[in-house]
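# A look at the structure
Letter by letter, the chains look like this.
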Amino acid sequence: MSRQAQIQQLSDSEIIREYLRTQRQDYFSMLYRKYADKVYRKCITLLKDQGLAEDATQEIFVKIMLSLANFNEKAQFSTWIYSITYNFCIDIIRKQKKTKNLFVDDIERAPDVADEIPDEFLRSMEVKRLKIVLDTIPTDDHAILLMKYQDDMSIKDIADGLGKTESAIKMKLKRAKEKAQFVYKEKFKDD
Amino acid sequence: MDSFQKLLEEEDNDFTMPEQTLKDIEKRVHFSTQPVRFIANTVDLFLPKAISVFVAVIGSRNFNKRVRQTTPTSHQTDPANGDF
(Lines give C-alpha, C1' and ligand atoms only; values in the text may rest on other atoms or scores of the structure.)
Protein backbone atom coordinates (compact mmCIF):
# COMPACT_ATOMS: atom_id res chain seq x y z
CA MET A 1 0.00 0.00 0.00
CA SER A 2 1.37 3.45 -0.92
CA ARG A 3 2.09 6.01 1.76
CA GLN A 4 -0.63 8.25 0.32
CA ALA A 5 -3.17 5.44 0.63
CA GLN A 6 -2.05 4.74 4.18
CA ILE A 7 -2.60 8.37 5.21
CA GLN A 8 -5.97 8.37 3.47
CA GLN A 9 -7.13 5.65 5.82
CA LEU A 10 -6.41 7.78 8.90
CA SER A 11 -9.06 9.93 10.56
CA ASP A 12 -8.61 13.71 10.62
CA SER A 13 -7.55 13.57 14.28
CA GLU A 14 -4.96 10.89 13.56
CA ILE A 15 -3.57 12.88 10.63
CA ILE A 16 -3.27 16.00 12.83
CA ARG A 17 -1.51 14.07 15.59
CA GLU A 18 0.93 12.57 13.08
CA TYR A 19 1.53 15.96 11.47
CA LEU A 20 2.27 17.59 14.83
CA ARG A 21 4.56 14.73 15.79
CA THR A 22 6.50 14.51 12.53
CA GLN A 23 5.89 17.91 10.83
CA ARG A 24 5.72 15.99 7.55
CA GLN A 25 4.14 17.93 4.73
CA ASP A 26 2.19 15.00 3.27
CA TYR A 27 -0.03 14.85 6.38
CA PHE A 28 -0.98 18.48 6.02
CA SER A 29 -1.43 18.05 2.26
CA MET A 30 -4.01 15.37 2.95
CA LEU A 31 -6.04 17.74 5.15
CA TYR A 32 -5.61 20.51 2.60
CA ARG A 33 -6.80 18.33 -0.28
CA LYS A 34 -9.83 17.25 1.72
CA TYR A 35 -10.97 20.69 2.84
CA ALA A 36 -9.49 23.38 0.55
CA ASP A 37 -12.31 23.24 -1.97
CA LYS A 38 -14.97 23.40 0.75
CA VAL A 39 -13.26 26.35 2.43
CA TYR A 40 -12.92 28.09 -0.94
CA ARG A 41 -16.63 27.62 -1.68
CA LYS A 42 -17.59 29.11 1.68
CA CYS A 43 -15.26 32.04 1.03
CA ILE A 44 -16.70 32.72 -2.40
CA THR A 45 -20.25 32.44 -1.05
CA LEU A 46 -19.55 35.09 1.59
CA LEU A 47 -17.01 37.31 -0.18
CA LYS A 48 -18.55 37.07 -3.66
CA ASP A 49 -15.21 37.58 -5.36
CA GLN A 50 -13.03 34.83 -6.82
CA GLY A 51 -9.68 36.57 -6.18
CA LEU A 52 -10.60 37.48 -2.62
CA ALA A 53 -11.82 33.94 -2.01
CA GLU A 54 -8.52 32.47 -3.26
CA ASP A 55 -6.48 34.81 -1.05
CA ALA A 56 -8.76 34.08 1.89
CA THR A 57 -8.39 30.32 1.36
CA GLN A 58 -4.61 30.73 1.48
CA GLU A 59 -4.73 32.86 4.65
CA ILE A 60 -7.17 30.47 6.32
CA PHE A 61 -4.91 27.48 5.68
CA VAL A 62 -1.90 29.41 6.98
CA LYS A 63 -3.90 30.06 10.17
CA ILE A 64 -4.94 26.41 10.34
CA MET A 65 -1.39 25.21 9.78
CA LEU A 66 0.02 27.46 12.48
CA SER A 67 -2.63 26.68 15.06
CA LEU A 68 -3.23 22.98 14.51
CA ALA A 69 -1.89 22.29 18.00
CA ASN A 70 -4.79 24.33 19.39
CA PHE A 71 -7.37 22.04 17.83
CA ASN A 72 -9.04 20.14 20.63
CA GLU A 73 -10.73 17.00 19.53
CA LYS A 74 -14.00 17.79 21.30
CA ALA A 75 -15.36 19.29 18.09
CA GLN A 76 -15.08 17.81 14.60
CA PHE A 77 -12.13 19.07 12.58
CA SER A 78 -14.50 20.25 9.82
CA THR A 79 -16.45 22.31 12.36
CA TRP A 80 -13.21 23.91 13.58
CA ILE A 81 -12.08 24.72 10.03
CA TYR A 82 -15.45 26.17 9.06
CA SER A 83 -15.49 28.35 12.19
CA ILE A 84 -12.09 29.77 11.23
CA THR A 85 -13.39 30.31 7.68
CA TYR A 86 -16.56 32.14 8.75
CA ASN A 87 -14.64 34.27 11.25
CA PHE A 88 -12.05 35.20 8.65
CA CYS A 89 -14.63 36.14 6.00
CA ILE A 90 -16.72 38.16 8.46
CA ASP A 91 -13.57 40.07 9.46
CA ILE A 92 -12.72 40.82 5.82
CA ILE A 93 -16.21 42.11 5.13
CA ARG A 94 -16.17 44.23 8.29
CA LYS A 95 -12.83 45.73 7.33
CA GLN A 96 -14.08 46.60 3.89
CA LYS A 97 -17.29 47.97 5.39
CA LYS A 98 -19.14 46.38 2.53
CA THR A 99 -22.21 45.97 4.69
CA LYS A 100 -22.62 49.71 5.22
CA ASN A 101 -25.37 50.53 2.81
CA LEU A 102 -28.83 51.90 3.28
CA PHE A 103 -30.68 48.70 2.64
CA VAL A 104 -28.69 46.88 5.27
CA ASP A 105 -29.49 49.69 7.72
CA ASP A 106 -33.15 49.05 6.93
CA ILE A 107 -32.62 45.39 7.64
CA GLU A 108 -30.91 46.24 10.92
CA ARG A 109 -34.08 48.06 11.87
CA ALA A 110 -36.24 45.06 10.98
CA PRO A 111 -38.96 44.88 13.64
CA ASP A 112 -38.62 42.33 16.42
CA VAL A 113 -40.82 39.33 15.89
CA ALA A 114 -42.27 38.09 19.14
CA ASP A 115 -42.55 34.44 18.13
CA GLU A 116 -39.63 32.36 16.95
CA ILE A 117 -39.69 31.98 13.16
CA PRO A 118 -39.93 28.27 12.39
CA ASP A 119 -36.88 26.66 10.73
CA GLU A 120 -39.25 25.36 8.09
CA PHE A 121 -39.64 28.90 6.73
CA LEU A 122 -35.99 28.85 5.61
CA ARG A 123 -35.56 25.15 4.96
CA SER A 124 -38.47 24.96 2.54
CA MET A 125 -37.77 28.22 0.71
CA GLU A 126 -37.16 27.98 -3.03
CA VAL A 127 -33.37 27.77 -3.54
CA LYS A 128 -33.13 30.84 -5.82
CA ARG A 129 -35.04 32.92 -3.29
CA LEU A 130 -33.00 31.60 -0.40
CA LYS A 131 -29.84 32.63 -2.23
CA ILE A 132 -31.20 36.15 -2.81
CA VAL A 133 -32.27 36.45 0.84
CA LEU A 134 -28.91 35.21 2.15
CA ASP A 135 -26.99 37.50 -0.18
CA THR A 136 -29.03 40.49 1.00
CA ILE A 137 -28.78 40.11 4.78
CA PRO A 138 -25.54 41.19 6.54
CA THR A 139 -22.63 38.76 6.13
CA ASP A 140 -22.46 37.75 9.78
CA ASP A 141 -26.16 36.80 9.68
CA HIS A 142 -25.62 34.96 6.40
CA ALA A 143 -22.71 33.09 7.99
CA ILE A 144 -24.58 32.12 11.14
CA LEU A 145 -27.51 30.76 9.11
CA LEU A 146 -25.12 28.67 6.99
CA MET A 147 -23.38 27.37 10.12
CA LYS A 148 -26.69 26.32 11.65
CA TYR A 149 -28.64 25.05 8.65
CA GLN A 150 -26.03 24.09 6.05
CA ASP A 151 -23.21 22.77 8.23
CA ASP A 152 -25.57 21.50 10.96
CA MET A 153 -23.35 22.97 13.65
CA SER A 154 -24.74 22.94 17.19
CA ILE A 155 -25.33 26.20 19.06
CA LYS A 156 -22.37 25.29 21.28
CA ASP A 157 -20.05 24.70 18.30
CA ILE A 158 -21.10 28.02 16.71
CA ALA A 159 -20.57 29.80 20.03
CA ASP A 160 -17.13 28.22 20.48
CA GLY A 161 -16.18 28.98 16.88
CA LEU A 162 -17.20 32.64 17.02
CA GLY A 163 -16.04 33.18 20.59
CA LYS A 164 -19.53 34.10 21.86
CA THR A 165 -21.85 32.71 24.52
CA GLU A 166 -24.56 30.23 23.60
CA SER A 167 -27.30 32.69 24.60
CA ALA A 168 -25.71 35.37 22.38
CA ILE A 169 -25.71 32.94 19.46
CA LYS A 170 -29.37 32.01 20.06
CA MET A 171 -30.29 35.70 20.00
CA LYS A 172 -28.13 36.31 16.90
CA LEU A 173 -29.77 33.38 15.16
CA LYS A 174 -33.24 34.64 16.02
CA ARG A 175 -32.36 38.10 14.66
CA ALA A 176 -30.83 36.58 11.51
CA LYS A 177 -34.05 34.66 10.85
CA GLU A 178 -36.10 37.79 11.45
CA LYS A 179 -33.94 39.72 8.97
CA ALA A 180 -34.26 36.89 6.45
CA GLN A 181 -38.04 36.96 6.83
CA PHE A 182 -38.06 40.76 6.49
CA VAL A 183 -36.02 40.62 3.29
CA TYR A 184 -38.14 37.80 1.90
CA LYS A 185 -41.33 39.78 2.46
CA GLU A 186 -39.79 42.92 0.93
CA LYS A 187 -38.35 41.17 -2.13
CA PHE A 188 -41.24 38.87 -2.89
CA LYS A 189 -44.23 40.82 -1.60
CA ASP A 190 -45.92 40.78 -5.01
CA ASP A 191 -45.98 36.98 -5.19
CA MET B 1 -33.12 17.50 0.99
CA ASP B 2 -33.88 20.99 2.31
CA SER B 3 -33.15 24.32 0.61
CA PHE B 4 -29.79 24.82 2.34
CA GLN B 5 -28.47 21.47 1.15
CA LYS B 6 -29.77 22.12 -2.38
CA LEU B 7 -28.01 25.49 -2.29
CA LEU B 8 -24.80 23.81 -1.16
CA GLU B 9 -25.09 21.32 -4.02
CA GLU B 10 -25.57 24.15 -6.53
CA GLU B 11 -22.56 26.02 -5.15
CA ASP B 12 -20.47 22.86 -5.28
CA ASN B 13 -21.11 22.76 -9.00
CA ASP B 14 -20.68 26.50 -9.57
CA PHE B 15 -17.58 27.22 -7.47
CA THR B 16 -15.05 24.47 -7.86
CA MET B 17 -11.48 25.65 -7.46
CA PRO B 18 -9.36 24.87 -10.55
CA GLU B 19 -6.78 22.14 -9.85
CA GLN B 20 -3.85 24.42 -10.67
CA THR B 21 -5.09 27.12 -8.27
CA LEU B 22 -5.51 24.46 -5.61
CA LYS B 23 -1.88 23.39 -6.10
CA ASP B 24 -0.59 26.99 -6.19
CA ILE B 25 -2.32 27.90 -2.94
CA GLU B 26 -0.99 24.78 -1.26
CA LYS B 27 2.56 25.72 -2.30
CA ARG B 28 2.12 29.28 -1.05
CA VAL B 29 0.74 28.07 2.29
CA HIS B 30 3.65 25.69 2.64
CA PHE B 31 6.36 28.24 1.83
CA SER B 32 4.89 31.13 3.78
CA THR B 33 4.68 29.05 6.94
CA GLN B 34 7.91 27.10 6.57
CA PRO B 35 10.07 29.20 8.92
CA VAL B 36 7.57 29.48 11.73
CA ARG B 37 5.26 26.50 11.68
CA PHE B 38 7.44 24.09 13.59
CA ILE B 39 8.09 26.62 16.34
CA ALA B 40 4.44 27.73 16.43
CA ASN B 41 3.06 24.22 16.68
CA THR B 42 5.70 23.09 19.15
CA VAL B 43 5.22 26.14 21.38
CA ASP B 44 1.42 25.83 21.22
CA LEU B 45 1.61 22.16 22.00
CA PHE B 46 3.67 22.69 25.10
CA LEU B 47 2.42 26.13 26.09
CA PRO B 48 0.27 25.05 29.06
CA LYS B 49 3.19 23.02 30.38
CA ALA B 50 5.60 25.92 29.77
CA ILE B 51 3.28 28.33 31.57
CA SER B 52 2.95 26.01 34.53
CA VAL B 53 6.72 25.57 34.70
CA PHE B 54 7.16 29.35 34.51
CA VAL B 55 4.58 29.95 37.24
CA ALA B 56 6.16 27.24 39.37
CA VAL B 57 9.63 28.77 39.02
CA ILE B 58 8.46 32.34 39.74
CA GLY B 59 6.24 31.10 42.57
CA SER B 60 9.03 29.20 44.25
CA ARG B 61 11.39 32.18 43.84
CA ASN B 62 8.87 34.47 45.56
CA PHE B 63 8.28 31.90 48.26
CA ASN B 64 12.00 31.56 48.88
CA LYS B 65 12.33 35.36 48.92
CA ARG B 66 9.57 35.68 51.55
CA VAL B 67 11.11 32.91 53.57
CA ARG B 68 14.47 34.72 53.44
CA GLN B 69 12.83 38.00 54.51
CA THR B 70 10.95 36.53 57.49
CA THR B 71 13.41 33.96 58.69
CA PRO B 72 16.63 35.16 60.30
CA THR B 73 19.69 33.75 58.61
CA SER B 74 22.35 31.88 60.52
CA HIS B 75 24.48 35.03 60.13
CA GLN B 76 21.83 37.10 61.94
CA THR B 77 21.25 34.53 64.70
CA ASP B 78 24.93 33.79 65.30
CA PRO B 79 25.78 35.15 68.76
CA ALA B 80 29.33 35.56 67.56
CA ASN B 81 28.22 38.44 65.37
CA GLY B 82 27.22 40.39 68.39
CA ASP B 83 23.57 40.91 67.41
CA PHE B 84 22.26 38.96 70.36
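Further up the page is the structure itself.
Below, the structure is looked at part by part. (Residues numbered from 1 in each chain as written. Chains lettered and ligands numbered in written order. Predicted model: local features only at pLDDT ≥ 70, side-chain atom pairs only at ≥ 80, totals over all residues.)

## Some words on the overall build of chain B
- Scanning chain B from terminus to terminus reveals three helices and zero strands.
- Going from the N terminus to the C terminus, chain B shows its helices and strands as α-α-α. (Helix = DSSP H or I, 4+ residues; strand = E, 2+ residues; numbered from the N terminus.)

## As for unusual backbone geometry
All names here are of chain A.
- The phi dihedral of Gln23 falls on the positive side, at around 60°, and the residue is not glycine.
- Judged by local crowding, Gln23 falls into the partly exposed class, with 13 C-beta atoms found within 10 Å.
- You will see that Lys48, though not glycine, has its phi angle at about 55°, which is positive.
- Structurally, Lys48 can be placed in the loop between α3 (25–47) and α4 (50–66). (Buried ≥ 20, exposed ≤ 12 C-beta atoms within 10 Å, placed from the backbone.)

## Here's the deal with the nonpolar core
Residue and element names in this part refer to chain A.
- Core analysis: the biggest nonpolar cluster contains 55 residues, and Cys43 and Cys89 have the highest contact counts within it.
- Considering each element in turn, this core owes the most residues, twelve residues, to α3.
- What Cys43 contacts, discounting residues up to four positions off in sequence, is Ala53, Ala56, Thr57, Thr85 and Cys89. (Core = buried A, V, L, I, M, F, W, Y, C linked by C-beta atoms within 7 Å. Contact = placed C-beta atoms within 7 Å.)

## What about helix α1 (residues 3–14) of chain B?
All names here are of chain B.
- Between the first and last C-alpha of α1 there are 16 Å, a value that for twelve residues agrees with the 16 Å anticipated at 1.5 Å per step.
- Within the span of α1, buried status applies to Ser3, Phe4 and Leu7. Along the axis of α1, the buried positions cluster into a sector of 95°, meaning they face one direction only. Looking at α1, the residues exposed on the side facing more than 90 degrees away from the buried face are Glu9, Asp12 and Asn13. (Expected span 1.5 Å × (residues − 1). Arc of directions from axis to C-beta.)

## Comments concerning the interface of chain B and chain A
- The interface of chain B with chain A comprises 28 residues on the first partner and 31 residues on the second.
- Of the residues that constitute the side of chain B that touches chain A, the class distribution is twelve nonpolar, seven polar and nine charged. (Nonpolar A, V, L, I, M, F, W, Y, C, P; charged D, E, K, R; others polar.)

## Thoughts on the environment of Met30 of chain A
All names here are of chain A.
- Relative to the elements of secondary structure, Met30 occurs in helix α3.
- On the basis of neighbour counts, which here come to 18 C-beta atoms within 10 Å, the residue Met30 falls in the partly exposed class.
- Sequence separation between Met30 and Arg17 is 13 residues; the distance between their C-alpha atoms is 13 Å.

## What to know about helix α2 (residues 12–22) of chain A
Residue and element names in this part refer to chain A.
- Restricting attention to buried positions, one finds in α2 the residues Ile15, Ile16 and Tyr19. One side of α2 carries all its buried residues, which in axial view fall inside an arc of 100°. Counted as exposed and oriented over 90 degrees from the buried face of α2: Ser13, Glu14, Arg21 and Thr22.
- Its buried side turned inward, α2 meets α1 (3–8), α3 and α5 (77–96).

## Comments concerning the environment of Leu31 of chain A
All names here are of chain A.
- Residue placement: Leu31 occurs in helix α3.
- For Leu31, a count of 20 C-beta atoms within 10 Å puts it in the buried group.
- Residues Leu31 and Leu162 lie 131 residues apart in sequence; the distance between their C-alpha atoms is 22 Å.
- In contact with Leu31, other than residues within four places in its own chain, are Asp12 and Ile15.

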